[in-house]
Amino acid sequence: MAKETGFSVRGVQVFPGFLDVPEQVALLAELRRVVAAAPLFSPQTRMGGKMSVRMTSAGEYGWYSDRRGYRYVTEHPLTGAPWPPIPPAALAVWRAVAGVARLPECCLVNFYQGAARMGLHQDRDEADFTMPVVSISLGDEARFRIGSVERGGKTESVWLRSGDVAVLAGPARLVHHGVDKVAEGSSTLLPRGGRINLTMRVVT
Ligand code: SIN
Ligand code: FE2
């Protein structure tokens, strides 16, 4: 893990190549166990549509969405089981970059395939916005868009590649962000292609 090479885009700290390839492979193996215990699903939006990203979670809480809105839940919506533990390799990244004593209570796993993308949004279902959100990207490259805390206005984008880490903290904790597109086939980490993004959060 190499932290010193970061830069900032609209206050979001980006650490390119934070995880080297063996570290990415090790994290992927841990994520396979997470997905085996807590299968990926496509959350519904409040409007009744299906999100194009498939998701699951690890930790005490998992992020969930349906017609009733966005929230954290303590059980997998389909299996009813508690979420599996957050992979130690992901926790190690949190410890290295989060800069807070608390540990994450949710590791949201987003899986992008084909035309999957994510519209601009804020991560604001957590109780304490002094706690950062730490993101790890694996697999195909994604164009990550960053706006402001306020709705609308200027945005900038940055390509997040396999092994890159991004931190939303401080004044950038509540910036709008999203994924415009994923460059299919730009990485060979995932045998069948696609992109995985992990976001770790303190929920309570
Ligand atoms: C998210 O905002 O939940 C995901 C961000 C990403 O996929 O990079
Ligand atoms: Fe987000």
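Keep in mind the model is a prediction, meaning the values are calculated, not measured.

### Examining the sheet that holds strand β1 (residues 7-9)
- As summarised here, the arrangement of the seven strands in space is β1-β2-β11-β8-β13-β6-β3, forming an open sheet in which the pairing is antiparallel. Each edge of the sheet is formed by a strand with only one pairing partner; in this case those strands are β1 and β3 (54-59). With direction set aside, neighbouring strand axes in the sheet form an average angle of 25°.
- One ladder, built from three bridges, connects β1 with strand β2 (residues 12-15); its direction is antiparallel. When the bridges of β2 are listed, Phe-7 appears paired with Val-14.

### Some remarks on the pattern of salt bridges
- This model, assessed by the stated rule, comprises nine salt bridges.
- Across the salt bridge formed by Glu-105 and Arg-102, the nearest N and O atoms sit 3.5 Å from each other.
- For Glu-105, a relative accessible area of 10% corresponds to the buried category.

### Re the layout of surface pockets
- If you add up the space inside the largest pocket, you get close to 740 Å³.
- If you go around the largest pocket, you meet 38 residues; those closest to its centre are Met-118, Gly-119, Leu-120, His-121 and Gln-122.
- Elements with a minimum of two residues in the lining of the largest pocket: β6 (106-112), β7 (118-121), β8 (133-139), β12 (177-182) and β13 (195-201).
- Taken together, the residues of the lining of the largest pocket sort by class into 13 nonpolar, 17 polar and eight charged.

### Some thoughts on the coordination of the iron ion (ligand 2)
- Donor atoms from the polypeptide that bind the iron ion (ligand 2) are His-121 (NE2), Asp-123 (OD) and His-177 (NE2), placed at 2.1 to 2.2 Å.
- One way to put it: the four donor atoms around the iron ion (ligand 2) meet at angles of 91 to 173°, and that makes the site irregular.
- What makes His-177 buried here is its relative accessible area of 7%.

### Structural notes on helix α1 (residues 21-37)
- Given a rise of 1.5 Å per residue, 17 residues ought to cover 24 Å, and the 25 Å separating the end C-alpha atoms of α1 matches this to within 8%.
- The set of residues buried in α1 consists of Gln-24, Leu-27, Leu-28, Glu-30, Leu-31 and Val-34.
- On its buried face, α1 sits against β3, α2 (88-97), β6, β8 and β13.

### Concerning the environment of Leu-160
- Mapped onto the elements, Leu-160 comes out in strand β10 (residues 156-160).
- Residue class for Leu-160 comes out buried when judged on its relative accessible area of 1%.
- In this structure, the C-alpha to C-alpha distance between Leu-160 and Ile-136, residues 24 residues apart in sequence, is 8.9 Å.
- Apart from the residues lying within four places of it in its own chain, the contact partners of Leu-160 are Val-14, Ser-137, Asp-140, Glu-141, Ala-142, Phe-144 and Arg-195.

### Some points on the site of ligand 1
- In the vicinity of ligand 1, the residues found are Asn-110, Tyr-112, Met-118, His-121, Phe-144, His-177, Val-179, Arg-195, Asn-197 and Arg-201.
- Note that an oxygen atom of ligand 1 is positioned 3.3 Å from one of the side-chain N or O atoms of Asn-110.
- Taken atom by atom, the bulk of ligand 1 overlaps the largest pocket.
- Broken down by secondary-structure element, the contributors of at least two residues to the shell around ligand 1 are β6, β7, β12 and β13.
- Considering every element that reaches the shell around ligand 1, the biggest residue donor is β13, with three residues.
- Partitioned by chemical class, the residues of the shell around ligand 1 number four nonpolar, four polar and two charged.

### Focus on the sheet that holds β10
- The antiparallel open sheet is built from four strands, whose spatial order is β7-β12-β9-β10. Across the chains shown, the open sheet's two edge strands, defined by having one partner strand only, are β7 and β10. Across the sheet, the mean angle from the axis of one strand to that of its neighbour is 25°, orientation sign disregarded.
- One ladder, built from five bridges, connects strand β9 (residues 142-146) with β10; its direction is antiparallel. Opposite Ile-146, over in β10, you have Glu-156 as the bridge partner.

The rules behind these values
Residues numbered from 1 in each chain as written. Chains lettered and ligands numbered in written order. Predicted model: local features only at pLDDT ≥ 70, side-chain atom pairs only at ≥ 80, totals over all residues. Heavy atoms only, no water. Pairing = 2+ DSSP bridges. Helix = DSSP H or I, 4+ residues; strand = E, 2+ residues; numbered from the N terminus. Axes fitted to C-alpha atoms, helices over the stretch in contact; angles between N-to-C directions. Salt bridge = Lys/Arg side-chain N within 4 Å of Asp/Glu carboxyl O. Buried < 20%, exposed > 50% of the residue type's maximum accessible area, 1.4 Å probe, protein only. 1 Å grid on protein atoms, 1.4 Å probe; cavity = no way out; pocket = protein on both sides within 12 Å on 5 of 7 lines; lining within 4 Å. Points joined across faces, edges and corners; volume = space filled by probe spheres on them. Nonpolar A, V, L, I, M, F, W, Y, C, P; charged D, E, K, R; others polar. Donors = N, O, S within 2.8 Å, 3.2 Å for Na, K, Ca; no water. Tetrahedral: all angles 85-135°; square planar, octahedral: opposite > 155°, others 65-115°. Expected span 1.5 Å × (residues − 1). Contact = heavy atoms within 4.5 Å. Near = heavy atom within 4 Å. Polar contact = N/O pair within 3.5 Å; in protein donor to acceptor, adjacent residues only side chain to side chain. Sits in = over half its atoms within 2 Å of the grid points.

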